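Architecture and fold: a report
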Amino acid sequence: MIKFLLMVNKQGQTRLSKYYEQVELGKRTALEADVVRGCLARRKEECSFVEYKDYKLVYRQYAALFIVVGITENENELSIFELVHNFVEVLDKYFSRVSELDVSLSKNTHYTSNLAMNVFSNTCVFI
């Protein structure tokens, strides 16, 4: 089961986050900082699956954006890895060459983030 999705830039700033379970705001900040620091510190040659506390993290880098998905231990990492790629392809088609600016600095950021999360949720259904 997917627990959360984060989109972060290379500087570690969270550009978009979606939690699929209740997490307190203070804990979210600490969770995001630990997760982002752990994923950004890894080399490109290393595996894109990381164990972190009660989660498995699946991440992928696209240019300046990292997409990190926190999943439970019994979830298939490869299917989530492919799901992230499909999600980025859909965003790329919608924005015609998606970038960090499209996601975070759109004229209607609230609409854009909701659209991205709806695309992700709908992509989950098809896998």
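Refer to the structure presented above.
Residues numbered from 1 in each chain as written. Predicted model: local features only at pLDDT ≥ 70, side-chain atom pairs only at ≥ 80, totals over all residues. Heavy atoms only, no water.

**A few points about unusual backbone geometry**
- Look at Lys53: it is not a glycine, yet its phi comes out positive at around 50 degrees.
- Mapped onto the elements, Lys53 comes out in the loop between β3 (49–52) and β4 (55–62).
- Residues other than glycine seldom take positive phi values, yet Ala63 does so here, at roughly 55 degrees.
- Tracing the backbone through its elements, the reader meets Ala63 in the loop between β4 and β5 (65–71). (Helix = DSSP H or I, 4+ residues; strand = E, 2+ residues; numbered from the N terminus.)

**A word on the sheet that holds β3**
- Overall, antiparallel pairing links the five strands, which are arranged β2-β1-β5-β4-β3 in an open sheet. Only two strands of the sheet have a single neighbouring strand rather than two, namely β2 (14–19) and β3. In this sheet, adjacent strand axes meet at a mean angle of 20 degrees when their direction is disregarded.
- Here helix α1 (residues 25–40) sits on the sheet in contact with β1 (2–9), β2, β3, β4 and β5, set at roughly 65 degrees to β1.
- Packed onto the sheet, helix α2 (residues 77–95) meets β1, β3, β4 and β5 and runs at close to 35 degrees relative to β4. (Pairing = 2+ DSSP bridges. Axes fitted to C-alpha atoms, helices over the stretch in contact; angles between N-to-C directions. Contact = heavy atoms within 4.5 Å.)

**Regarding the pattern of salt bridges**
- Summed over all chains, the structure comprises four salt bridges.
- The shortest N-O distance in the salt bridge between Arg37 and Asp34 comes to 2.7 Å. Within this pair, Arg37 and its partner Asp34 are both found in helix α1, separated by three residues, close to a single helical turn.
- A relative accessible area of 52% means that Arg37 is categorised as exposed.
- Across the salt bridge formed by Arg43 and Glu45, the nearest N and O atoms sit 3.5 Å from each other. Side by side, Arg43 and Glu45 carry an identical accessibility label, which is exposed. (Salt bridge = Lys/Arg side-chain N within 4 Å of Asp/Glu carboxyl O. Buried < 20%, exposed > 50% of the residue type's maximum accessible area, 1.4 Å probe, protein only.)

**Details of the side chain of Arg60**
- One can find Arg60 in strand β4.
- Among the polar contacts listed, one links the side chain of Arg60 to the backbone oxygen of Phe81, at a separation of 3.1 Å.
- Excluding anything up to four places from it in sequence, Arg60 contacts Leu65, Phe66, Ile67, Phe81, Glu82, Val84 and His85. (Polar contact = N/O pair within 3.5 Å; in protein donor to acceptor, adjacent residues only side chain to side chain.)

**A short note on the pairing of β1**
- A large share of β1 lies buried, amounting to eight of its eight residues.
- As paired elements, β1 and β5 share seven bridges and run antiparallel to each other. The residue bridging Phe4 from the neighbouring strand is Gly70, located in β5.

**Points about α2**
- Under the 1.5 Å per step criterion, the end-to-end length of α2 is 27 Å for 19 residues, consistent within 8% with the ideal 27 Å.
- What α2 keeps buried is the set Ile80, Leu83, Val84, Phe87, Val88, Leu91 and Phe95. Seen along its axis, α2 keeps its buried residues to an arc of 135 degrees; they face one direction. Among the exposed residues of α2, those pointing more than 90 degrees away from its buried face are Leu78 and Lys93.
- Sitting at the amino-terminal end of α2 is Asn76, which places a side-chain oxygen 2.9 Å from the backbone nitrogen of Leu78.
- One or two residues past the end of α2 sits Ser96, with phi positive at roughly 45 degrees. (Expected span 1.5 Å × (residues − 1). Arc of directions from axis to C-beta.)

So yeah, pure geometry; function would need other evidence.
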